[in-house]
Amino acid sequence: MMIDPLELSDRDHDALTMHHDGSGVWVTCTSGDQEVTIGPVARDAISEWLAAGITIA
């Protein structure tokens, strides 16, 4: 199952993009002409990681 990507960006046009496909969640960080992508990461792992980050913040 594919879903529309979630993209967050700042005034400098740095961006965090997340999308999910059949293999897991992909996370891409972009700053200027540099880009780093991790994935696929299990959806449950990303959910737990994000929940822990929100709880700590």
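Preceding this paragraph is the structure being described.
Below: a short report on this structure.

## Focus on the sheet that holds strand 3 (residues 24–31)
Part 1 of the reasoning: Taken in spatial order, the 4 strands line up as 1-2-3-4 in an open sheet, and their pairing is antiparallel. The open sheet has two edge strands with one neighbour each: strand 1 (6–9) and strand 4 (34–41). Each strand axis lies, on average, 10° off the axis of its neighbour in the sheet, ignoring direction.
Part 2 of the reasoning: Where strand 1 lies against strand 2 (residues 15–21), 4 bridges are found, and the strand directions are antiparallel. Paired with Leu 6 across the two strands is Met 18, which belongs to strand 2.

## A word on the side chain of Asp 21
Part 1 of the reasoning: Tracing the backbone shows Asp 21 in strand 2.
Part 2 of the reasoning: Only 2.7 Å separates the side chain of Asp 21 from the side chain of Ser 23, close enough to count as a polar contact.
Part 3 of the reasoning: Here Trp 26 takes part through its side chain, which lies 3.3 Å from a polar atom of the side chain of Asp 21.

## Structural notes on the pairing of strand 4
Part 1 of the reasoning: For strand 3 and strand 4, the ladder comprises 6 bridges, and the chain directions are antiparallel. Looking across to strand 4, one finds that Ser 31 is bridged to Gln 34.
Part 2 of the reasoning: Between strand 3 and strand 4, which pair antiparallel in sequence order, lie 2 residues; one of them, Gly 32, sits at a positive phi of approximately 60°.

## Some remarks on the environment of Gly 39
Part 1 of the reasoning: In this fold, Gly 39 is placed in strand 4.
Part 2 of the reasoning: Distance in space between the C-alpha atoms of Gly 39 and Val 25 is 6.1 Å, their sequence separation being 14 residues.
Part 3 of the reasoning: Dropping the residues within four chain positions of it, Gly 39 is found in contact with Val 25 and Trp 26.

## Digging into unusual backbone geometry
Part 1 of the reasoning: In this chain, Gly 39 is followed by Pro 40 through a cis amide linkage whose omega measures 0°.
Part 2 of the reasoning: With respect to the helices, strands and loops of the structure, Pro 40 is situated in strand 4.
Part 3 of the reasoning: With a phi angle near 70°, His 13 is a residue other than glycine that sits in the positive phi range.
Part 4 of the reasoning: Tracing the backbone shows His 13 in the loop between strand 1 and strand 2.
Part 5 of the reasoning: Of the residues examined, His 13 reaches a relative accessible area of 66% and is grouped as exposed.

Thresholds applied
Residues numbered from 1 in each chain as written. Predicted model: local features only at pLDDT ≥ 70, side-chain atom pairs only at ≥ 80, totals over all residues. Heavy atoms only, no water. Pairing = 2+ DSSP bridges. Helix = DSSP H or I, 4+ residues; strand = E, 2+ residues; numbered from the N terminus. Axes fitted to C-alpha atoms, helices over the stretch in contact; angles between N-to-C directions. Polar contact = N/O pair within 3.5 Å; in protein donor to acceptor, adjacent residues only side chain to side chain. Contact = heavy atoms within 4.5 Å. Buried < 20%, exposed > 50% of the residue type's maximum accessible area, 1.4 Å probe, protein only.

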